[in-house]
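Structural characterization, general
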Amino acid sequence: MSGRSRPSLRRTHHRRSQMLAFNRIPPASAVIRRLLTALLFAAAVGFPCAVIYHAASPKTPLIFSPPSGSPPVGQDPTVRLAPEPPEVVGSDSDSEEVKLERVLRGAAMEDKTVILTTLNAAWASPDSMIDLFLESFLIGNGTRNLLDHLVIVALDEKAYARCLSMHPHCLALKTEGVDFEGEKFFMTPGYLKMMWRRIDFLRIVLEMGYNFIFTDSDIMWFRNPLPYFYPDGDFQIACDKFLGSPVDLQNLPNGGFNYVKSNNRTIEFYKFWYSSRERHPGSHDQDVLNRIKYDPYIGEIGVQLRFLSTAYFGGFCEPSRDLNKVCTMHANCCLGLESKLHDLRIMLDDWRNYMSLPPSVKKSHPPPWRVPQNCSIGFIQ
């Protein structure tokens, strides 16, 4: 009897083991619940992380900038630089002073020096004066980086639109009731208004605490001029004719290129210069300067005037003779836009040829300028 009971006990124990194992296997619904729980947990952790990452990511597309000093494609000076983002550009409702401060601050060197030029529609058209002007910086000796500090002051809407298409630092300078778009021929009423508007604007720049190099856009830049300015000069100006001494008042200055430090002396000097137009009606700023430079009030102001040598700051009136020294060359003593453009293109070619020479040839036998041609150096006489 007892012998027959043992197999029965083993079978009973086996069935209990199977039942326990079966009870340990979760039903299908429990597996699904566990999977859903895991998915919900992953979503709860992952979604906030995704939000944080998105918030930290830039919202504007990245703009590729070529390495510093690399030339634009085809050496084209009209290649548009990346514009400032909207939050930097500001609102149209900003005052003129706020806009001016913003542009000057964006272009200024560490010592608050900016390079300024003015532009109207006649000189802003494609393949015209502004293109040659900017090209000179690109092919000059160490002048490319100076474009970062250049502010183009547009005198009309067309010039401003062209500036925005090719340069990052543009300023629209409006004059109510005056149209500066067309070519302003020498000594016409439009020309005189444009010249005196420039003098008044430069006084404002000085009052805002900025030093400036003012340059006409028919001046080609071949070297950095800053090392060639006099450290003790408040107001330094290029000449149509230079007589050998930087303090000789007999020098014939040209208002198309000057370097001016911001201080009380130069601010008062520009106020006096601008107000003197009323005592000399029908005269342009350069003629008035040639008269007031002898005025005793200049001595009372204490402003230090310096005249720049044409060896470094030349022009068609009196060309710089040595290409190893020249910093700038001006298309002065020349009437008419087409004549200027013709001779300036030749000048740029002359410079390219000079830059392509071996250093030994540059130093010992620099080539001469082939200009002026269409521009007459007899004009000043």
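Residues numbered from 1 in each chain as written. Predicted model: local features only at pLDDT ≥ 70, side-chain atom pairs only at ≥ 80, totals over all residues. Heavy atoms only, no water.

The protein chain carries the name Glycosyltransferase in an unreviewed UniProt entry, which gives Acorus calamus as its organism. Here the protein chain is described in UniProt, under the heading Subcellular location (unreviewed entry), as follows: "Golgi apparatus membrane". (UniProt positions renumbered as here; feature names shortened; annotations may be inferred.)

**Things to note about the packing of aromatic side chains**
A complete count under the given rule lists 19 aromatic pairs for this structure. With a centroid separation of 4.4 Å and an interplanar angle of 10 degrees, the aromatic rings of Phe-229 and Tyr-259 are classed as stacked. Of this pair, Phe-229 sits in the loop between β5 (219-221) and β6 (235-241) while Tyr-259 sits in strand β7 (residues 252-260), and the two are 30 residues apart along the sequence. Across the pair, Tyr-259 and Phe-229 agree in class, each one buried. Both rings, one in Phe-229 and one in Phe-313, keep their centres 5.8 Å apart while their planes meet at 5 degrees; by these two values the pair is stacked. Here Phe-229, found in the loop between β5 and β6, pairs with Phe-313, found in strand β9 (residues 313-315); they are 84 residues apart in sequence, far enough to count as distant. As far as burial versus exposure is concerned, Phe-229 and Phe-313 are alike and both buried. Members of the aromatic cluster, connected to one another through ring pairs, are Phe-133, Phe-137, Trp-221, Phe-229, Phe-257, Tyr-259 and Phe-313. The ring of Tyr-274 has Arg-277 sitting right over it, with the charged end atom 3.8 Å from the ring centre. (Phe/Tyr/Trp six-rings, centres within 6.5 Å; stacked < 30°, edge-to-face > 60°. Helix = DSSP H or I, 4+ residues; strand = E, 2+ residues; numbered from the N terminus. Buried < 20%, exposed > 50% of the residue type's maximum accessible area, 1.4 Å probe, protein only. Lys NZ or Arg CZ within 6 Å of the ring centre and 35° of its normal.)

**Observations concerning the sheet that holds β9**
Sheet strands pair via backbone hydrogen bonds, and the direction of the pair is either parallel or antiparallel. Reading across the sheet, the three strands line up as β5-β10-β9 and stay open at both edges, with mixed pairing between neighbours. Each edge of the open sheet carries a strand with a single partner, namely β5 and β9. Shown here is a sheet whose adjacent strand axes are inclined to one another by a mean of 20 degrees, direction ignored. Examined bridge by bridge, β9 and strand β10 (residues 328-330) share three bridges and lie parallel to one another. Counted as the bridge partner of Gly-315 is His-330 from β10. (Pairing = 2+ DSSP bridges. Axes fitted to C-alpha atoms, helices over the stretch in contact; angles between N-to-C directions.)

**So, the state of the cysteines**
Applying the stated rule across the entire model yields three disulfides. What pairs with Cys-163 in a disulfide is Cys-170, and their sulfur atoms sit 1.9 Å apart. Sign of the S-S torsion, about -90 degrees for the bond between Cys-163 and Cys-170, identifies this disulfide as left-handed. Cys-170 carries the same exposure label as Cys-163, and that label is buried. Each disulfide pairs two cysteine sulfurs, and for Cys-317 the partner residue is Cys-333, the sulfurs being separated by 1.7 Å. Every disulfide takes its handedness from the sign of the S-S torsion; for Cys-317 and Cys-333 that torsion is 105 degrees, giving right-handed. Of this pair, Cys-317 sits in the loop between β9 and β10 while Cys-333 sits in the loop between β10 and α12 (337-355); the two residues are 16 residues apart in sequence, bridging distant segments of the chain. By relative accessible area, Cys-317 is classed as buried at 13%. You can call Cys-333 buried: its relative accessible area is 7%. The disulfide pattern of the protein chain is 1-2, 3-4, 5-6 when the bonded cysteines are numbered in sequence order. (Disulfide = S-S within 2.5 Å.)

**Overview of helix α4 (residues 96-107)**
Taking 1.5 Å as the rise per residue, α4 with twelve residues should run 16 Å; its terminal C-alpha atoms sit 17 Å apart, in good agreement. If you check which residues of α4 are buried, you get Leu-100, Arg-102, Val-103, Leu-104 and Ala-107. (Expected span 1.5 Å × (residues − 1).)

**Considering the nonpolar core**
Counting residues in each nonpolar core, the largest one holds 52 residues, and the members touching the most others are Trp-221, Phe-222, Phe-257, Met-347 and Trp-369. Among the elements of the structure, β1 (113-119), α5 (121-124), α6 (129-139), β2 (150-154), α7 (157-164), β5, β7 and α12 are those that each provide at least two residues to this core. Those residues in contact with Trp-369 that lie beyond four places of it in its chain are Phe-222, Pro-319, Ser-320, Leu-323, Val-326, Met-329, Met-347, Asp-350 and Trp-351. In terms of nonpolar packing, the next biggest core, distinct from the first, is built from 42 residues, Leu-116, Leu-173, Phe-214 and Ile-292 among them. (Core = buried A, V, L, I, M, F, W, Y, C linked by side-chain atoms within 4.5 Å. Contact = heavy atoms within 4.5 Å.)

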